[in-house]
Structures are given as C-alpha cells and as structure tokens.
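Read off the chains here:
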Amino acid sequence: VSKSSSYEAAKEAWNKAQNAQNTANNAQNDIDNLEIGGRNLLKNSESLEFNAYSGSAITREKDVTVVEWGTSEATRVYGTRGTNLIALLMSDNAQCFPETNQEYSGSVYIKNNGSNTIWIGRMYNVNRIDAISAGQSKRAHFTYNPGSSTTTIMQMQIYASTEGEAFDVTYWRPKWEKGNK
C-alpha cells in the first residue's frame, strides 16, 4: 500500500467523520429549537367571535378574503374602543380552563387594517402579548403558564391604547394548545 493511497483513505475517512459531525450538530440544533404544540383546545374555532367590551362599538363582517392566509372565511371587526384597555374579547364559549403548571400557547391569524398599533394576548396578562402594527398581517403567538392557580381562564383579548381609539382587525382560526408552539 502506497503512502498516497493511505493518505487518500485517511482524508476520505476524515471528511466522512466531519460530515457526520455536521449532520449531528444540525440535528441537535433542530431538536433544541423544536416547538411543541398540540390539538386546538377551542371547539368550533371557525365560528368563534371577538365581541365588544366595556363600551366598545363594533361592526362585524364575516367571510372576508385574506389572500396571504389562503382563506375566504376570516372575520373583520372594526369600531372604537370603550372605557377599558380591552377593545375586544373572545366569546365565552372560547374560554379554556388550564391545568396547573402546564405551558399553553395561544395563536390567531390577525391583520391590523387600522392606523394604530393593537395588541393581542390572554386575559389579565398584558405583559405577554403580541403587538400588531398598522398594516401588519401575521399569525400572532403568545404563551401562558398558570403556575399553581386553579381559578384562571384563558381568553384571547385585543387591546387598543386610548379610549375612543379606532381599531380595525381581521382574524381567523384562533387556537389554544398545550405546549410552547
């Protein structure tokens, strides 16, 4: 066996080992960044509605087309905020009662058609909300862990910053699920 063929065999083995290490590193990175989710805990989420809260005045339009979401079944709600920071809240039949010490993730497709930033999040949890700028369209996400509390509910809410402020949102497919997805 010549020195050059031994060198070539060693070089090939080293390259294979490097490729295997790169594959392992990529797999570990994918696992580390894995988001865990599950089935939608909201029953009949296609028909759930955000409703006016504390004096908010709203108009609702159903079966709105949003091309970037690939749907013609979204709902548009617009109006003015009442006396509370909360402009809209999801209907009572969209509430979930969480298990203690369980991580949950809320999400909804939302498009801000208005000229002011709005926020979406979970009831009583204004520190864990997702801001939606004027003109922005996205799948908003927020997480919640009730800790040891057994008296809480999970309800999506949309916030506007100023009393009497106009808002205009289109939404589709609200979801609560166990996990951090």
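Coordinates for the structure precede this section.
Residues numbered from 1 in each chain as written. Predicted model: local features only at pLDDT ≥ 70, side-chain atom pairs only at ≥ 80, totals over all residues. Heavy atoms only, no water.

**Digging into the sheet that holds strand E6 (residues 118-122)**
Okay, so step 1: Taking strand neighbours across the sheet as the criterion, the five strands line up as E1-E4-E9-E6-E7 in an open arrangement whose pairing is antiparallel. Strands at the two margins of the open sheet, each flanked by one partner only, are strand E1 (50-52) and strand E7 (129-132). Neighbour-to-neighbour, the strand axes of the sheet open up by a mean angle of 25 degrees, direction not taken into account.
Okay, so step 2: As paired strands, strand E4 (residues 86-90) and strand E9 (residues 156-159) are joined by three bridges and run antiparallel to one another. Across the sheet, residue Leu88 finds its bridge partner in E9, namely Ile158. (Pairing = 2+ DSSP bridges. Helix = DSSP H or I, 4+ residues; strand = E, 2+ residues; numbered from the N terminus. Axes fitted to C-alpha atoms, helices over the stretch in contact; angles between N-to-C directions.)

**Observations concerning the side chain of Thr75**
Okay, so step 1: By secondary structure assignment, the location of Thr75 is in strand E3 (residues 71-80).
Okay, so step 2: With relative accessibility at 8%, the residue Thr75 sits in the buried group.
Okay, so step 3: When neighbours within four sequence positions are excluded, Thr75 is seen to be in contact with Arg60, Glu61, Lys62, Val169, Thr170 and Tyr171. (Buried < 20%, exposed > 50% of the residue type's maximum accessible area, 1.4 Å probe, protein only. Contact = heavy atoms within 4.5 Å.)

**Comments concerning unusual backbone geometry**
Okay, so step 1: For Ser54, which is not a glycine, the phi torsion comes out positive at approximately 50 degrees.
Okay, so step 2: Here Ser54 is to be found in the loop between E1 and strand E2 (57-66).
Okay, so step 3: In this structure, Arg173 takes a positive phi of about 55 degrees despite not being glycine.
Okay, so step 4: As for its placement among the helices and strands, Arg173 is situated in strand E10 (residues 166-178).

**Focus on the sheet that holds strand E8 (residues 137-144)**
Okay, so step 1: Read across the open sheet, the five strands follow the order E2-E3-E10-E5-E8; overall the sheet is antiparallel. Where the open sheet ends on each side, the last strands, each with one partner, are E2 and E8. Across the sheet, the mean angle from the axis of one strand to that of its neighbour is 30 degrees, orientation sign disregarded.
Okay, so step 2: Bridge count for strand E5 (residues 104-112) against E8 is eight bridges, and the pairing is antiparallel. Directly across from Ile110, in E8, lies its bridge partner Lys138.

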